[in-house]
Amino acid sequence: MTSAPPRFPPHPIRGVRILHQKQNCAPHFAEIEVDFEPAAEGFAFEVAQELTVDYEPAEALSRFFAAAAVGIEEQLSLPEHGVVIATRVVLRRARAATFGSHELAFKIAGHLAARKALERTGCPRPQACCPGRSDEQYAELVTTTALRNLST
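Residues numbered from 1 in each chain as written. Predicted model: local features only at pLDDT ≥ 70, side-chain atom pairs only at ≥ 80, totals over all residues. Heavy atoms only, no water.

Novice: Looking at this model, I keep getting lost on the nonpolar core. Mind explaining?
Specialist: Core analysis: the biggest nonpolar cluster contains 35 residues, and Ile32, Val34, Phe36, Phe64, Phe65, Leu76 and Phe106 have the highest contact counts within it. Secondary structure elements with two or more residues in this core: strand 2 (13–22), strand 3 (28–38), helix 1 (60–77), strand 5 (84–95) and helix 2 (103–120). Residue contributions to this core peak at 10 residues, all from helix 2. The contacts of Ile32, once residues within four sequence positions are left out, are Val16, Arg17, Ile18, Ala68, Leu91, Arg93, Ala94, Phe106, Ala109, Gly110 and Ala113. (Core = buried A, V, L, I, M, F, W, Y, C linked by side-chain atoms within 4.5 Å. Buried < 20%, exposed > 50% of the residue type's maximum accessible area, 1.4 Å probe, protein only. Helix = DSSP H or I, 4+ residues; strand = E, 2+ residues; numbered from the N terminus. Contact = heavy atoms within 4.5 Å.)

What follows is the structure, encoded as structure tokens:
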């Protein structure tokens, strides 16, 4: 008899904070803090009502937040984790910079936040996608893959 894969998250995981920044000719900057709450099923993402971010143009923030949601969901959906997604993710805090903040930076921050939340539950880092890689090396891998997908 095979048991069903565990549900993620098994309990609330609060205050998952990620600062993703890369300084080079194509800078990245995204800072997010999210909470993962158990849900009945699936993936839901919401922005806390009290969240305010000092960034211009303010219209770009919704795209940045959507990109973070995509990054979180993509990471949680990797089969290597062996979990069933049943979570509501709440964006509690975010910071953006005029130079370096863009959708890809927030997507990578989302990936990293999901990885950190999985690690907090004891879920091992999947060796198939990132053996021994630091968060910075993983972010570089995600960036390279995303840019490769854009050019095809």
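Resuming the write-up.
Novice: Please explain the pairing of strand 5 as it appears in this structure.
Specialist: Where a strand is regular, its side chains alternate between the two sheet faces. The sheet contact formed by strand 1 (residues 7–8) and strand 5 spans two bridges and is parallel. Bridge pairing links Phe8 to Ile85 in strand 5. Where strand 3 lies against strand 5, eight bridges are found, and the strand directions are antiparallel. Across the sheet, Val34 pairs through a bridge with Leu91, a residue of strand 5. In the sheet, strand 4 (residues 42–47) pairs with strand 5 via six bridges, with the strands oriented parallel. Across the sheet, Phe43 pairs through a bridge with Thr87, a residue of strand 5. The parallel pair strand 4 and strand 5 is bridged by helix 1, and the resulting crossover is left-handed. (Pairing = 2+ DSSP bridges. Right-handed = clockwise from strand over helix to strand, strands pointing away.)

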